[in-house]
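Per-entry structural report
Okay, here's what each chain looks like letter by letter:
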Amino acid sequence: MKNYLTASISASAVRHNIEVLRSLTGPDVKLCAVVKDDCFGHGMDVLFPVLSKLVDGFAVASPIEALQLRNKGYKGFILCFLSAYFDDFEVQDDLVWHRITQTVMSRSALASIQAAADRVGDTALVHLKVDTGMGRLGVPARQAPDMIKAINEAPDVLLTGIYTHFATADDANREEVSLQLERFRSILPPDSGLVLHAANSAATIDFPQTHFNMVRPGIAIYGCHPSEHLENRLPLHPCMTVKAKLIAVKHVQQGSRCGYGLTHSFDRDGRVGVVPIGYGDGYFRNLSGKAVVRINGLNATVCGRVSMDQMTVDVTDIPDAAVGNEVEVISADPAAPNSVENLARLAGTIPYEITCHLGHNIRHELVD
Ligand SMILES: *Cc1c(COP(=O)(O)O)cnc(C)c1O
């Protein structure tokens, strides 16, 4: 943890994004916030008090994340996408004991969950995950009816929901989502009273017919669009600003070079600043020479290669740049050249990867 790197997380932006999503689903659809990987790198510790008041439940990837949420005192619905490890009885028991809703995605998962419920002497709550075409976790759609029967026959396992996940909801081509949706509908028992859910952020935004009675948005809550084709569709507000401070500034002469490999050479006399963030902090190395940071409201290009814990920026055109000045590494303004979405484009990746990588070595603070 580097306490001179700060991710300021805006509570009002998160509130706004949830309002925007709720305006799409209407009041009768539950909103389950996906908070895996420390809220996609935005920091569970700071966001939990904000989110827990606004959403109808949480979804996480791993059992440990689910148990950590319970340990924060959250008493509501928690869905865990991944199973406890097959031989990790302690975690399997904890999930039952803490009334985490577990995912059944195979016969063996069901057997482990039933065994844990038996050991604990309580009922295990589960949602069935159906693979309707994503080809990842889930029971193949044609086996879903048998699986529903098997769960209903397991004495200590209570089926409370059924869900699926779309492979292409963020794509402009709408065909695959329609096919997956059709397969999902075809296996749903009539009037079951179960929680049915399918929509990630992209489907919540672009496919209202996928909302059922709960949606599972992640990235949109944090203010990024799930894909370029959905940008500008909704007025989402990115909630994260990442700041550092200039730790050195020095003059350089025309022709001098900087960084590993000496890849950058200055084409005029100028000044270079050193910012204490690098790829070890999740700042992508392939942004070298491409991205900018902002100092005193002006752009400074990342020049030379990004190192593990520092990088150099060209401050020749920011004459008053000095040691101690604030460096805005990530801007919450989606139009800024150093927004998450623009950095993702430059790095050849998606906004999710940018925020997740930045989250692990940084101090999160809640603002507004
Ligand atoms: C990560 C995830 C989500 C959230 O996806 P976003 O694109 O961030 O909205 C929803 N459902 C499942 C199963 C996921 O793994």
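As for the overall build of the chain
- A count of helices and strands for the chain gives 11 helices and 20 strands.
- Looking at the chain residue by residue over its 368 residues, the buried ones come to 55%.
- The contacts in the chain between residues at least 6 apart in sequence include a share of 65% that link residues at least 24 apart.
- Accessible area for the chain stands at about 16200 Å²; split by element, carbon and sulfur atoms hold 51% of it.
- Averaging the coordinates of the 33 positive side-chain charges in the chain and doing the same for the 41 negative ones gives two points 2 Å apart.

Digging into the side chain of Thr316
- As for its position among the elements, Thr316 is in the loop between β18 (311–314) and β19 (326–330).
- Polar side-chain contacts of Thr316 include one of 3.1 Å to the backbone nitrogen of Arg271.
- Polar contacts involving the side chain of Thr316 include one to the side chain of Asp314, which spans 2.5 Å.
- The residues touching Thr316, leaving out its near neighbours within four places in the chain, are Arg268, Asp269, Gly270 and Arg271.

Comments concerning the domain arrangement of the chain
- With domains assigned, the chain is organised as domain 1 (11–224) and domain 2 (240–331 + 333–367).
- Each partner contributes to the interface: domain 1 provides 12 residues, whereas domain 2 provides 13 residues.
- The three residues of domain 1 that bury the most area against domain 2 are His42, Val46 and Cys224, which together make up 37% of that side's buried surface.
- Scanning the region where domain 1 abuts domain 2 turns up 0 salt bridges.
- Summed over the shared surface of domain 1 and domain 2, the result is 4 residue pairs in polar contact (both at pLDDT 80 or more).

Considerations on the site of the ligand
- In the neighbourhood of the ligand, 13 residues make up the surrounding shell, with Lys36, Ser201, Gly218, Ile219 and Tyr352 lying closest.
- For the ligand, a nitrogen atom lies 3.5 Å from a polar atom in the side chain of His165.
- A distance of 2.6 Å is found between an oxygen atom of the ligand and a side-chain nitrogen or oxygen belonging to Tyr352.
- For the ligand, whose unbound accessible area comes to 390 Å², protein coverage reaches 92%.
- A per-class count over the shell around the ligand returns 6 nonpolar, 4 polar and 3 charged.

Regarding helix α5 (residues 89–97)
- Looking only at α5, the buried set comprises Val91, Gln92, Asp93, Leu95 and Val96.
- Among the structural elements, α4 (63–71), β5 (101–104), α6 (107–120) and β6 (124–131) are those in contact with the buried residues of α5.
- Just beyond α5, the residue with positive phi is Arg99, at close to 55°.

Quick word on the state of the cysteines
- By the definition in use, this model includes 0 disulfides.
- Take Cys32: it sits in no disulfide, and the sulfur closest to it among the cysteines is that of Cys80, at 11 Å.
- By relative accessible area, which is 0% here, Cys32 ends up buried.
- Residue Cys303 stays outside any disulfide, its sulfur separated by 4.2 Å from that of Cys258, the closest cysteine.
- Overall, Cys303 belongs to the buried group, its relative accessible area being 2%.

What counts as what
Residues numbered from 1 in each chain as written. Predicted model: local features only at pLDDT ≥ 70, side-chain atom pairs only at ≥ 80, totals over all residues. Heavy atoms only, no water. Helix = DSSP H or I, 4+ residues; strand = E, 2+ residues; numbered from the N terminus. Buried < 20%, exposed > 50% of the residue type's maximum accessible area, 1.4 Å probe, protein only. Contact = heavy atoms within 4.5 Å. Areas by Shrake-Rupley, 256 points an atom, 1.4 Å probe, with all protein chains shown as cover. Lys, Arg positive; Asp, Glu negative; His and termini not counted. Charge placed at Lys NZ, Arg CZ, Asp CG, Glu CD. Polar contact = N/O pair within 3.5 Å; in protein donor to acceptor, adjacent residues only side chain to side chain. Domains from an automatic or database assignment. Buried area = accessible area lost by both parts, 1.4 Å probe. Salt bridge = Lys/Arg side-chain N within 4 Å of Asp/Glu carboxyl O. Near = heavy atom within 4 Å. Nonpolar A, V, L, I, M, F, W, Y, C, P; charged D, E, K, R; others polar. Disulfide = S-S within 2.5 Å.

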